[in-house]
Amino acid sequence: MPRQIHQQHCSSHFIEYIEREIPYSKFFKNYLISNQPCMFSKKFTEAWNCRKNWVLADGKPNLQRLLHEFDETPVPVANCNAKEYNSNPKQIMPFKEFIQYWREYIQNGHSSPKGCLYLKDWHMHRNFPEHNTYKTPIYFSSDWLNEYWDTIEVDDYRFVYMGPKGSWTPFHADVFRSYSWSANICGRKKWLLYPPGQEEFLRDCHGNLAYDVTAPVLQDKGLYPQFEEACQPLEIIQEAGEIIFVPSGWHHQVYNLEDTISINHNWLNGCNLDVMWQFLQEELSSVQREIEEWRDTMDTWHQHCQVIMKSCTGIDYGEFASFLRTIANNRMSFLNSCPRNADNCKDLLVESLFALGPQHAAFDLQRVLHIFENMLSNEDFKRLDPSALSFKPEELLQEIREAIRTIV
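Residues numbered from 1 in each chain as written. Predicted model: local features only at pLDDT ≥ 70, side-chain atom pairs only at ≥ 80, totals over all residues. Heavy atoms only, no water.

### What about the side chain of Thr73?
Link 1 in the chain: Assignment of secondary structure puts Thr73 in the loop between helix H3 (63-70) and strand S3 (74-79).
Link 2 in the chain: We classify Thr73 as buried; its relative accessible area is 14%.
Link 3 in the chain: Those residues in contact with Thr73, other than ones at most four positions away along the chain, are Met93, Pro94, Phe95, Trp122 and Phe128. (Helix = DSSP H or I, 4+ residues; strand = E, 2+ residues; numbered from the N terminus. Buried < 20%, exposed > 50% of the residue type's maximum accessible area, 1.4 Å probe, protein only. Contact = heavy atoms within 4.5 Å.)

### Considering the nonpolar core
Link 1 in the chain: Counting residues in hydrophobic clusters, the biggest one holds 117 residues, and the most contacted among them are Phe27, Trp54, Phe98, Trp122, Met162, Phe320 and Phe323.
Link 2 in the chain: Here this core takes 10 residues from helix H9 (residues 317-336), the largest share from any one element.
Link 3 in the chain: Here Phe98 is in contact with Val77, Met93, Leu117, Tyr118, Leu119 and Met162, once residues within four sequence places are set aside.
Link 4 in the chain: Grouped together as the second largest cluster of nonpolar side chains are 11 residues, Ile15, Trp191, Leu234 and Ile236 included. (Core = buried A, V, L, I, M, F, W, Y, C linked by side-chain atoms within 4.5 Å.)

### Focus on the pairing of strand S8 (residues 179-186)
Link 1 in the chain: Of all eight residues making up S8, eight are buried, and the element is well covered by its neighbours.
Link 2 in the chain: Bridge count for S8 against strand S13 (residues 260-267) is seven bridges, and the pairing is antiparallel. Among the inter-strand pairings, Ser180 is bridged to a residue of S13, identified as Asn266.
Link 3 in the chain: Sheet topology note: the S8/strand S11 (residues 243-246) ladder contains four bridges and is antiparallel. Following the sheet pairing, Trp181 is matched in S11 by Phe245. (Pairing = 2+ DSSP bridges.)

### Side note on the packing of aromatic side chains
Link 1 in the chain: In the structure shown here, the tally under the stated rule is 42 aromatic pairs.
Link 2 in the chain: Geometrically, the ring pair formed by Phe40 and Phe140 is edge-to-face, given 5.5 Å between the ring centres and 85° between the ring planes. Taken together, the residues Phe40 in strand S2 (residues 38-40) and Phe140 in the loop between helix H5 (124-127) and helix H6 (144-152) connect sequence positions 100 residues apart. Neither Phe40 nor Phe140 differs from the other in exposure class; each is buried.
Link 3 in the chain: Pairing Phe320 with Phe323 gives two aromatic rings, centres 5.9 Å apart and planes at 20°, and the pair type is stacked. Separated by three residues within a single helix, Phe320 and Phe323 lie in helix H9, roughly one turn from each other.
Link 4 in the chain: Taking relative accessible area as the criterion, Phe320 reaches 0% and is therefore assigned buried.
Link 5 in the chain: By relative accessible area, which is 0% here, Phe323 ends up buried. (Phe/Tyr/Trp six-rings, centres within 6.5 Å; stacked < 30°, edge-to-face > 60°.)

Right under this line is the structure:
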């Protein structure tokens, strides 16, 4: 059933509330392919260990239990009262120091001379995999982003957020224009969501994205000439235990209405791979425009553009190709040795692929094939130094085509 929202021009967009389990195929069609947001009820998280262990009987964070679990662990903490470019500056501090701050902040009526601090983007899962804190719902399990970064053992996009009442995250869209899901372990959040394209009306006269879409300065037509053309955002209240699905390219701003703990994943798959590829092309074009004046004086201008792009976005065309290769190889390997039942699946990736089935693996391969074919005709990809790739794309494409033929 639909959750009540506030909206103006975006009448075609609303958020559906999923009370109980639905078939994966329905989520795939109605939300992934359609790129529409939805909210899952607290039933989907009630069995998670963190919902039991990190929360007191009154619904507040169990700060003592958390302190016992994480103590001296270094964690990233942002200051919500300070602006650094279009986000908040971060510092690393021991977990116990943040908990001490949080207790004092609560005791002082949710205020502090240190400002409003927000523990965010903490890779808790990577640092404490043995904690078995939660289990990713099957709807979000086709997660190429974390599959790739787990494979190369460099990074991941699974985060824990812990923030006092009043902490917030400025206006943004997620990394690589990925999907995200966010589960409230305790507390409540308010989300302001804008459909893709609306962010263009929320730029200042210099083209910079708004930092805070609720700020009075946006009413200044001289600074934000197109603000009045933007629709009202979807305004959503997320209760404790609920999970929100945020689709690709939906810009958002988020507030903690109470002392709140949440688990967030950024993820993407075959359904929004084309969005990521389009985003990367736009990012490279932006870099090229910035250093256009040196184009004729640098023999390695194109390579430098890739280096700058990676420093800004976290990936370049060479790594994107490696990312696609990893995803394709995992699915071809799965299809070649598909286990008869899930009991034989000791590997979490294979378990996930088994749960989604061989047809989903074939869909994944078709999406990789489509984007790879597009990349091979892209002039900037053609200019890559051969040493930037550890494989021959044409040979991989042939392998993918043969794998698809055997299953379709």
